[in-house]
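Summary of structural features
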Amino acid sequence: MDVNTLSAVDAAWLAGLVDGEGTITLSRKHKNENRQLALSISNTERQLLEFTLRTVGAGKITRKCTAASHHTASFTCSIYNRQALALLRQLTPYLRSYKVKRAELILENYLTLMPGNGKYSSELKRQRTEFEQAVLAIKAGCN
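Attention here is on the structure that accompanies the text. No experiment lies behind these values; they were computed from the predicted model shown. (Residues numbered from 1 in each chain as written. Predicted model: local features only at pLDDT ≥ 70, side-chain atom pairs only at ≥ 80, totals over all residues. Heavy atoms only, no water.)

Here the focus is the overall build of the chain. Helices and strands together make up the secondary structure of the chain, namely five helices and four strands. From first element to last, N terminus to C terminus, the chain shows the α and β order α-β-β-α-β-β-α-α-α. The principal-axis extent of the C-alpha atoms belonging to the chain is close to 50 × 40 × 35 Å. Among the 143 residues that make up the chain, the fraction classed as buried is 39%. Here the chain displays about 8,300 Å² of accessible surface, and carbon together with sulfur accounts for 49% of that area. Taking the average place of the 20 positive charges on the side chains of the chain and the average place of its 12 negative ones, the gap between the two points comes to 6 Å. (Helix = DSSP H or I, 4+ residues; strand = E, 2+ residues; numbered from the N terminus. Buried < 20%, exposed > 50% of the residue type's maximum accessible area, 1.4 Å probe, protein only. Areas by Shrake-Rupley, 256 points an atom, 1.4 Å probe, with all protein chains shown as cover. Lys, Arg positive; Asp, Glu negative; His and termini not counted. Charge placed at Lys NZ, Arg CZ, Asp CG, Glu CD.)

What follows is about the side chain of S78. The topology assignment puts S78 in strand β4 (residues 75-80). A relative accessible area of 9% places S78 in the buried class. When near neighbours in sequence (up to four residues on either side) are disregarded, S78 contacts L39, S40, G59 and K60. (Contact = heavy atoms within 4.5 Å.)

The next thing to look at is the layout of surface pockets. Computed from the structure, the largest pocket encloses a volume of approximately 170 Å³. In terms of lining residues, the largest pocket is bounded by N34, R35, Q36, N81, R82, Y110, M114, G116, G118, Y120 and R128. For the lining of the largest pocket, the class distribution of residues is three nonpolar, five polar and three charged. (1 Å grid on protein atoms, 1.4 Å probe; cavity = no way out; pocket = protein on both sides within 12 Å on 5 of 7 lines; lining within 4 Å. Points joined across faces, edges and corners; volume = space filled by probe spheres on them. Nonpolar A, V, L, I, M, F, W, Y, C, P; charged D, E, K, R; others polar.)

A separate point is empty space enclosed by the protein. Counted by the stated rule, this structure contains one cavity of 30 Å³ or more. Estimates place the volume of the largest cavity at around 60 Å³. Lining the largest cavity are L14, L39, S40, I41, T52, V56, A58, C77, S78, I79 and L87. Among the elements of the structure, β2 (36-43), α2 (46-56) and β4 are those that each provide at least two residues to the lining of the largest cavity. A class-by-class count of the residues in the lining of the largest cavity yields eight nonpolar, three polar and no charged.

Honestly, that's just the spatial picture; any functional story needs more than this.
If you want it as structure tokens, here you go:
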């Protein structure tokens, strides 16, 4: 499934949302799995995330656990792997936070180092690990 082609206005708006409320990372869904590209936005306004989902044409919304009864319910809109990569291609020109560095590094290396077939030579595993560490080392105020 592909993502929608965004207008410049929608891409810039969504990039701002990712800069402020989002995450661009390489995460594991389960402890022993390889990391995968994840782009997510968390917010208390489900309507905002539903608009995001319709605009992008891919992903899913999940409800986050509420730590205390007085906390407002919050939700996360997430997109993974190749769909997240396709979306990043459209958002990166508009990103303004440290996340632009993560996005650029991912766009440059993800397909080569994370082919998705599960077959990795020892050299590719080493390069993949270095890539993951480089991406995760890029943090706000650190680079």
